[in-house]
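Each chain, written out:
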Amino acid sequence: MLNVHLVPHTHDDVGWLKTVDQYYYGDRNDIQHAGVQYILDSVVDQLLKNPDRRFIYVETAFFYRWWKQQSSSMQQTVKQLVNEGRLEFVNGGWCMSDEATTHYSAVIDQMTMGLRFLNETFGPCGRPRVAWHIDPFGHAREHASMFAQMGYDGFFFGRLDYQDRTRRQSAREQELLWRASDSLEPPMADLFTGILPNGYNPPEGFCWDQSCDDPPIRDDPDLEDYNVDDVVKRFLAIAKHQAKVYKTNHIIMTMGSDFQYENANLWYKNLDKLIRYVNGQQAGGVNVLYSTPTCYLQELHRANLTWALKTDDFFPYADDAHNYWTGYFTSRPALKRYERISNSNLQTCNQLEVLGGPVSRNGPFGKGDSQTMKEAMAVAQHHDAVSGTEKQHVANDYARRLASGWQHCQVLVSNSLSALSGSSAERIYCDSLNISVCPLTESSQKFSVNVYNPLARPVTWPVRLPVNGSSYDVSDAEGRSVDCQVVPVSAQTAAVRRKRGFAANELVFQARAPPLGFTTYSVSLHRDGPPPASTQRRVPTAIQNQFLRVTFDPDTGLLSSLTNLETKQTIKLMQNFYWYNASDGNNSLSDQPSGAYIFRPNSSTPFIISKTAKTESVQTPVLQEVRQWFSPWVSQVVRLHHDSRALELEWTVGPLPISDDLGKEVITRLDTSIKTSEYFYTDSNGREVLQRKKDFRPTWKLWQSEPVAGNYYPINSRAFIKDDVDQLTVVTDRSQGGGSIQNGSLEIMLHRRLLYDDVRGVAEPLNETSSVFPDGLVVRGRLLLSLDRPPSAADAHRPLAQQAALQPTLTFTDGDLHPDTLLEFSGLQAALPPAVHLLTLTQWDEDSVLLRLEHQFQSGESKRNSGPVTVNLQKLFSTLEVLGASELNLSANQWKDEMTRFHWTPQTGEEPLLKTLGDPSAWEVTLRPMEIRTFLLRVHLR
């Protein structure tokens, strides 16, 4: 008997063609007919009419809104539907996150938020058992690892590469066991994974939504167009065909699609009939039932088979030979950066809410909260948000939400810092320091800078402030004088800030902040001091500090080599900027244009923007920089701070010219003497690193039809190339796409401006402008380069990437601080060991906080840091007394010792037995490589 599991579902994007609010209310139906509130109304109504009917719901961001608006009797009804398994939640995060461009920290947060609501509202019956990523455009290994650690029994998705699918269908490997970590002991990161048969749509001819035009089941034999026999015949043919490419006598069909079920009666009336008539003709040997992914998964588990094992990921994704979805790895680069900064701001906000106590939420500066920012960040993880694949007005809405969240957090941060420092002086925030804009520092003659460090280790951070004076005195919290330098603002910075600021100079100094704490610097204008550093027009042959030496070609002004002076290693390093001409779709091979999703260059050879750079340099004891100008729309600063082990490349790209009617995809390429043999490495969601090889996929024999786009992978936080002696690691400040198209080279796409839609539904070319940049978006960012011996490279790039992702928060106070102000504070008793990262510290309820500690190294990655590390929870915080600790799963919706998952056996032999490795004592917890442990701590403020 073949069992066909029909899964009624709706796929509700948390913003795409319309904003979240417009989708919820059913507003702007001129763009797309969709109203989530009506879907939920209609589905609940229809579920009550027949106890056999089932429905699954996914996006908690929408369900939470709907739930708040229901009467208590309706809420009781829905609870009963959930308890009886008729309405089932799957996935259950705030949204269905993107997998290529999201950072693991924000994904864990948004999943935690959605699952917490379901847990607190419905209890165990509301806990999703299945992860459901039916729409994201390629699948990351780190996501699978996180889902496994969140306790999911399995994972279903809809999209995978067309060549991969063909092979899996013929081998019946569309259901598999994904081993999603090289470091965690199996089956800790093992996740059963199923690939759905029709993406997430119904089989052809069986869509009965009001948005479809398939014929309904006409079952009155007295009427002329009776079609039951035809429907049953077609359905049996589809079911039997599908069964040939799956392994068991159970198959699944997704009955629904984007924003369907607004009039659920149409679907259910026809599904009831389909089930009745197919099951009535038992000769077919087919049993059709209303089901859910969880019930389907249970049957697969019961089959007790062995499953193909996968250890790589599902990137890049192509739906045809010339349609590689690798453009969105970079699309909307400014939004991608803003999302990353917002996560940093949110973690600071969460930490200070805990450290400052209740006064942080209601204090001298008013009422502040972290919830607004939590929700804005959660929505931004959606697969049409940070991915850059939404319409422009929706991208604006995501950014506006993040800005509003930060406004709410600023009040909280000011209240908390006021409580911790004892000073209620007003604090000013300057969010445009990257373009040298800060009205306070530009005009004040005396001010102080508070530097809050959200990392659990001390950090040295270059502070750069816009000023108009030519000389300043800077002193630290102890009153000691700090080396500082005034340098002129570059012409490029003046151009990009337009009329938003007027500083002539920048004051630069290195701030050193304690772990999970702040320090304060006071700055005063020095009347008769020396003039600012001058800029030299000629190209310096080299810039260097005690750690690094960088040389330039005197004829071109370009980088020519990089030396690590500590390890005495040198590589040739040339770096320049290029652009690919985006395909407009007029092409004999395929009419696919480049767009928000898809990267399709017209040629595999990019155009060079300029073979030479005009340069000026600033050389001072505090910093050395070479400012390179390539064209009116590309410039860069090569910067070396006096105590930095990383070389900074600060790039500014835009507005990309389109007067020639050519879409442009701008890259920077690093060409080195490293012998890469076609291999390079990228991170997965900011955590584990995967090996990539040009024109190669580990699980099938690739036919490569797009030599550039088909070799692009997501870079979340770092990429590197290496041979036996040298490793060059590039740490990014946002998610970007990149590849190694030639041996020894690494290219990263920085910006895209396209003139055609790529026909994947967004119906808008990716052509970003704004009121500040009506002539096209200008984007600025930075790459950090480190050169090391491969065995010790992770010791440098792991902390460097965490520092780029969680950067210090600066606040400013005008004039003198009160003499009793506490100028330095650390929330920790001592810095955590180098291998340990404090991932989460956030208020959970009145007297408990959620803490996540993470081992940030992979096994075998570092001699020094890849071993187990033990941390004492009671000796962690300086101002919090820890009264009790209970361990949770990663998403904090189950107690760790109560979490049970299905066991699956891989084809490659034995079922792994999880060795439970104990902790030394109740308070001491041991972290193994790449392990994240989550605790609910009962605390009170000392």
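Residues numbered from 1 in each chain as written. Predicted model: local features only at pLDDT ≥ 70, side-chain atom pairs only at ≥ 80, totals over all residues. Heavy atoms only, no water.

Participant: What should I look at first to understand the overall build of the protein in this one?
Facilitator: Of the regular secondary structure elements, the protein holds 16 helices and 45 strands. Taken over C-alpha atoms, the radius of gyration comes to 28 Å for the protein, in line with the 30 Å a tight globule of 942 residues would show. Each principal axis of the C-alpha distribution contributes one length, and for the protein these read about 100 × 65 × 55 Å. The burial tally for the protein puts 65% of its 942 residues in the buried class. At a minimum sequence separation of 6, the contacts of the protein that also span at least 24 residues come to 76%. Total accessible area on the protein stands at roughly 33200 Å², and carbon and sulfur atoms take up 49% of it. (Helix = DSSP H or I, 4+ residues; strand = E, 2+ residues; numbered from the N terminus. Rg over C-alpha atoms; globule rule 2.2 N^0.38 Å. Buried < 20%, exposed > 50% of the residue type's maximum accessible area, 1.4 Å probe, protein only. Contact = heavy atoms within 4.5 Å. Areas by Shrake-Rupley, 256 points an atom, 1.4 Å probe, with all protein chains shown as cover.)

Participant: I keep staring at the packing of helix α5 (residues 104-122) against helix α12 (residues 371-380) and nothing clicks. Help me out?
Facilitator: Packed helix pairs are specified by the crossing angle of their axes together with the interaxial distance, meaning the distance between the axes. Viewed as axis vectors pointing N to C, α5 and α12 meet at an angle of 110°, and their least axial separation amounts to 9 Å. With respect to α12, the axis of α5 lies roughly perpendicular. In this structure, α5 contributes Ala-106, Gln-110 and Met-113 to the contact, and α12 contributes Gln-371, Lys-374, Glu-375, Met-377 and Ala-378. Considering only residue class, the contact of α5 with α12 consists of 4 nonpolar, 2 polar and 2 charged. (Axes fitted to C-alpha atoms, helices over the stretch in contact; angles between N-to-C directions. Parallel < 35°, antiparallel > 145°, perpendicular 65-115°, else oblique. Nonpolar A, V, L, I, M, F, W, Y, C, P; charged D, E, K, R; others polar.)

Participant: Whenever I open this one, the sheet that holds strand β36 (residues 779-788) confuses me. Can you help?
Facilitator: Hydrogen bonds between backbone groups are what pair the strands of a sheet, and the pairing can be parallel or antiparallel. Taking strand neighbours across the sheet as the criterion, the 9 strands line up as β24-β25-β26-β27-β36-β33-β32-β29-β30 in an open arrangement whose pairing is antiparallel. Single-partner strands in this sheet number two, and they are β24 (614-619) and β30 (689-693). Strand-to-strand twist across the sheet, computed as the mean angle between neighbouring axes with direction ignored, equals 20°. Here 5 bridges tie strand β32 (residues 718-722) to strand β33 (residues 727-731), and the two strands are oriented antiparallel to one another. What sits directly across from Lys-722, in β33, is Gln-727. (Pairing = 2+ DSSP bridges.)

Participant: Explain the pattern of salt bridges here, please?
Facilitator: Side chains that differ in sign of charge can pair as their charged atoms come close. Evaluated as defined, the whole model comprises 56 salt bridges. For Arg-692, the salt bridge is made with Asp-313, and the minimal N-O distance between the two is 2.8 Å. Of the two residues, Arg-692 sits in strand β30 while Asp-313 sits in the loop between β10 (306-310) and α11 (333-356), which places them 379 residues apart along the sequence. A residue is classified by how much of its surface remains accessible, and Arg-692, at 5% relative accessible area, is buried. Among the charged side chains, a salt-bridge network with shared partners connects Arg-464, Glu-506, Arg-537, Glu-616, Glu-625, Arg-627, Arg-639, Glu-648, Glu-650 and Arg-782. (Salt bridge = Lys/Arg side-chain N within 4 Å of Asp/Glu carboxyl O.)

Participant: Quick question: what am I supposed to make of the environment of Asp-671 here?
Facilitator: Its location among the elements puts Asp-671 in strand β28 (residues 664-672). Put simply, Asp-671 and Leu-746 are 75 residues apart on the chain and 6.7 Å apart in space, counted from C-alpha to C-alpha. Non-local contacts of Asp-671, meaning those with residues more than four positions away in its chain, are made with Lys-572, Leu-573, Met-574, Tyr-578, Gln-742, Gly-744 and Ser-745. A polar contact is formed between the side chain of Asp-671 and the side chain of Arg-669, at a distance of 3.0 Å. (Polar contact = N/O pair within 3.5 Å; in protein donor to acceptor, adjacent residues only side chain to side chain.)

Participant: What's the story with α5 in this structure? I'm lost.
Facilitator: Working note: α-helix, 3.6 residues per turn, so residues spaced by three or four point in the same direction. The terminal C-alpha atoms of α5, which comprises 19 residues, lie 27 Å apart, in line with the 27 Å expected from a rise of 1.5 Å per residue. Of all 19 residues in α5, 16 are buried, a share of seventy percent or more. Gly-123, located one to two residues past α5, shows a positive phi value of around 70°. (Expected span 1.5 Å × (residues − 1).)

Participant: Got a minute to help me understand the sheet that holds β10 in this structure?
Facilitator: In space, the 6 strands of this open sheet follow the order β4-β5-β7-β6-β10-β43, with mixed pairing throughout. A strand with exactly one partner marks an edge of an open sheet, and here the two such strands are β4 (130-133) and β43 (905-906). In the sheet, strand β6 (residues 175-179) pairs with strand β7 (residues 190-195) via 5 bridges, with the strands oriented antiparallel. Paired with Leu-177 across the bridge in β7 is Phe-192.

Participant: Help me out: how do you make sense of the packing of α12 against helix α13 (residues 392-421) in this one?
Facilitator: Between α12 and α13, whose axes approach to 7 Å, the crossing angle comes to 155°. Our classification of the angle between α12 and α13 gives roughly antiparallel. α13 is crossed by α12, and the crossing has left-handed handedness. Contacts from Thr-372, Met-373, Ala-376, Met-377, Val-379 and Ala-380 of α12 reach α13 at Tyr-398, Arg-401, Leu-402, Ser-404, Gly-405, Trp-406, His-408 and Cys-409. When the residues that make up the contact of α12 with α13 are grouped by side-chain class, the tally is 9 nonpolar, 4 polar and 1 charged. (Left-handed = near helix turned anticlockwise from the far one by under 90°.)

Participant: Looking at this model, I keep getting lost on the side chain of Gln-37. Mind explaining?
Facilitator: On the secondary structure map, Gln-37 appears in helix α2 (residues 36-47). Here the side chain of Gln-37 touches Tyr-25 through a polar contact of 3.3 Å, landing on its backbone oxygen. Among all residues touching Gln-37, those that are not within four sequence positions of it are Tyr-24, Tyr-25, Trp-66 and Gln-69.

Participant: What exactly am I supposed to notice about the state of the cysteines here?
Facilitator: Two cysteines form a disulfide when their sulfur atoms are joined by a covalent bond. Applying the stated rule across the entire model yields 3 disulfides. Here Cys-207 pairs with Cys-212 through a disulfide, and the sulfurs are 1.9 Å apart. One disulfide in the model links Cys-430 with Cys-438; its S-S distance is 2.0 Å. Because the sign of the S-S torsion sets the handedness, a value of about 55° for the bond joining Cys-430 and Cys-438 places this disulfide among the right-handed ones. (Disulfide = S-S within 2.5 Å.)

Participant: Whenever I open this one, the pairing of strand β13 (residues 446-453) confuses me. Can you help?
Facilitator: Where a strand is regular, its side chains alternate between the two sheet faces. The buried fraction of β13 amounts to 7 of the 8 residues, a majority that puts the element mostly inside the structure. The pairing of β13 with strand β18 (residues 517-525) spans 8 bridges and is classified as antiparallel. Paired with Asn-453 across the two strands is Gly-517, which belongs to β18.

Participant: Teacher, can you tell me more about helix α16 (residues 793-805) here?
Facilitator: Its 13 residues place the ends of α16 18 Å apart at the C-alpha level, agreeing with the 18 Å of an ideal helix rising 1.5 Å per residue. By the criterion of burial, α16 is predominantly enclosed, with 12 of the 13 residues buried.

Participant: Would you take a moment to explain the side chain of Glu-339 for this structure?
Facilitator: Turning to its location among the elements, Glu-339 is positioned in helix α11. Buried charge without a salt bridge: Glu-339, with Arg-340 as the nearest opposite-charge side chain at an N-O distance of 4.1 Å. Filtering out sequence-adjacent residues up to four positions away, Glu-339 remains in contact with Ala-106, Met-377, Ala-380, Gln-381, Val-386 and Leu-402. (Lys, Arg positive; Asp, Glu negative; His and termini not counted.)

Participant: Honestly, the pairing of strand β27 (residues 647-653) in this entry has me stumped. Any pointers?
Facilitator: For β27, the tally of buried residues reaches 7 of 7 residues, placing the bulk of the element in the interior. Alternating positions in β27 separate into two faces, Leu-647, Leu-649, Trp-651 and Val-653 on one and Glu-648, Glu-650 and Thr-652 on the other, with burial throughout. In terms of strand pairing, strand β26 (residues 634-641) meets β27 through 6 bridges, oriented antiparallel. Counted as the bridge partner of Val-634 is Val-653 from β27. Between β26 and β27, which pair antiparallel in sequence order, lie 5 residues.

Participant: Would you take a moment to explain the packing of aromatic side chains for this structure?
Facilitator: Pairs of aromatic rings are described using the distance from one ring centre to the other and the angle between the two planes. The full count for this structure, using the stated rule, is 48 aromatic pairs. Across from the ring centre of Phe-314, 4.1 Å away, lies the NZ or CZ of Lys-310, which sits over that ring. Cation over ring: Arg-669 sits above Tyr-578, and NZ or CZ is 4.4 Å from the ring centre. (Phe/Tyr/Trp six-rings, centres within 6.5 Å; stacked < 30°, edge-to-face > 60°. Lys NZ or Arg CZ within 6 Å of the ring centre and 35° of its normal.)

Participant: So what exactly am I meant to see when it comes to unusual backbone geometry here?
Facilitator: Outside of glycine, negative phi angles account for most residues, and trans bonds account for most peptide bonds. With omega at 5°, the peptide bond leading from Pro-186 into Pro-187 counts as cis. Here Pro-187 shows up in the loop between β6 and β7. Of note, the bond from Phe-315 into Pro-316 is cis; its omega dihedral lies within 30 degrees of zero at -15°. For Pro-316, the location among the structural elements is in the loop between β10 and α11. Although it is not a glycine, Arg-28 sits at a positive phi angle of roughly 50°. By the secondary structure assignment, Arg-28 is in the loop between α1 (20-25) and α2. Relative accessible area serves as the criterion here: at 35%, Arg-28 is assigned to the partly exposed category. Notably, Asp-661 is not glycine yet its phi reads approximately 60°, a positive angle. Summarising the element assignment, Asp-661 is placed in the loop between β27 and β28.

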